[in-house]
Amino acid sequence: MTNPLSIVGDLEAMRKAQNLTQEELAMRAGVSRMTVSRIEAGFDPKLSTVWELSRALGLELVLVPKALRREVQHFIQSGGKVVGQPAGIEAPKSVVDLLR
C-alpha cells in the first residue's frame with residue numbers, strides 16, 4: 001500500500017484477524033475504546049498510540065527507506081527468499097559470501 005495511513009488499515013485488519021473487539025485491543029494497548037474507534041474511522045493517531053496498538057497486536061513497526069520499500073515488501077512476501085533463486089548447493093553465493 002502506498003497510502004501513508006495504510007498502517008491504520010493494517011492495524012484494523014490485524015485486530016479483526018485476531019478476532020479482537022475495539023474494546024479488547026484498547027485494553028491490551030492501554031488506550032480507550034474511543035481512541036481505537038477514532039483511529040479506525042480515519043482520525044490522525046499519535047505515533048505513540050500506533051506503537052502501542054502495534055505492540056498489543058504482536059507487531060513490530062519497522063521504518064524502511066522509501067527507495068527500498070518495494071524490495072523489502074517483495075522480500076517479506078516471498079518468505080525471505082529472493083524470487084527465482086535456486087535452492088541448495090546450486091544456489092549462487094550470497095552477497096555476504098562475495099564480500100568476504
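Rules used throughout
Residues numbered from 1 in each chain as written. Predicted model: local features only at pLDDT ≥ 70, side-chain atom pairs only at ≥ 80, totals over all residues. Heavy atoms only, no water. Helix = DSSP H or I, 4+ residues; strand = E, 2+ residues; numbered from the N terminus. Contact = heavy atoms within 4.5 Å. Buried < 20%, exposed > 50% of the residue type's maximum accessible area, 1.4 Å probe, protein only. Salt bridge = Lys/Arg side-chain N within 4 Å of Asp/Glu carboxyl O. Phe/Tyr/Trp six-rings, centres within 6.5 Å; stacked < 30°, edge-to-face > 60°. Lys NZ or Arg CZ within 6 Å of the ring centre and 35° of its normal. Patch = residues over 30% accessible without salt bridge, like charges linked within 9 Å, V, L, I, M, F, W, Y side chains within 5 Å. Areas by Shrake-Rupley, 256 points an atom, 1.4 Å probe, with all protein chains shown as cover.

### A few points about the environment of Arg-33
Part 1 of the reasoning: Among the structural elements, Arg-33 can be located in helix 3 (residues 33–40).
Part 2 of the reasoning: Sequence separation between Arg-33 and Glu-23 is ten residues, and the spatial gap between their C-alpha atoms is 4.9 Å.
Part 3 of the reasoning: If we skip the residues at most four places from it in the chain, Arg-33 touches Gln-22, Glu-23 and Ala-26.

### Topic: unusual backbone geometry
Part 1 of the reasoning: For Asn-19, which is not glycine, the phi torsion reads 55° and is therefore positive.
Part 2 of the reasoning: Of note, Asn-19 is situated in the loop between helix 1 (6–17) and helix 2 (22–29).
Part 3 of the reasoning: Since its relative accessible area comes to 66%, Asn-19 is described here as exposed.

### Details of the pattern of salt bridges
Part 1 of the reasoning: In total, this model carries three salt bridges according to the counting rule given.
Part 2 of the reasoning: The salt bridge involving Glu-52 is made with Arg-55; its shortest N-O contact spans 2.9 Å. Linking Glu-52 with Arg-55, this pair stays in helix 4 (residues 47–56), spanning three residues, or about one helical turn.
Part 3 of the reasoning: Residue Glu-52 is classed as partly exposed on the basis of its relative accessible area of 32%.

### With respect to the side chain of Glu-40
Part 1 of the reasoning: Here Glu-40 lies in helix 3.
Part 2 of the reasoning: What makes Glu-40 buried here is its relative accessible area of 18%.

### Section: the packing of aromatic side chains
Part 1 of the reasoning: The final tally for this structure, using the stated rule, is zero aromatic pairs.
Part 2 of the reasoning: The ring of Phe-43 is capped by Arg-38, whose NZ or CZ atom sits 4.0 Å from the centre of that ring.

### Section: a nonpolar patch on the surface
Part 1 of the reasoning: Among the surface-exposed residues, Val-62, Val-64 and Leu-68 lie close enough to one another that they form a single nonpolar patch of about 250 Å² accessible area.
Part 2 of the reasoning: Counting through the fold element by element, Val-64 comes out in the loop between helix 4 and helix 5 (69–77).
Part 3 of the reasoning: Judged by its relative accessible area of 34%, Val-64 falls in the partly exposed class.

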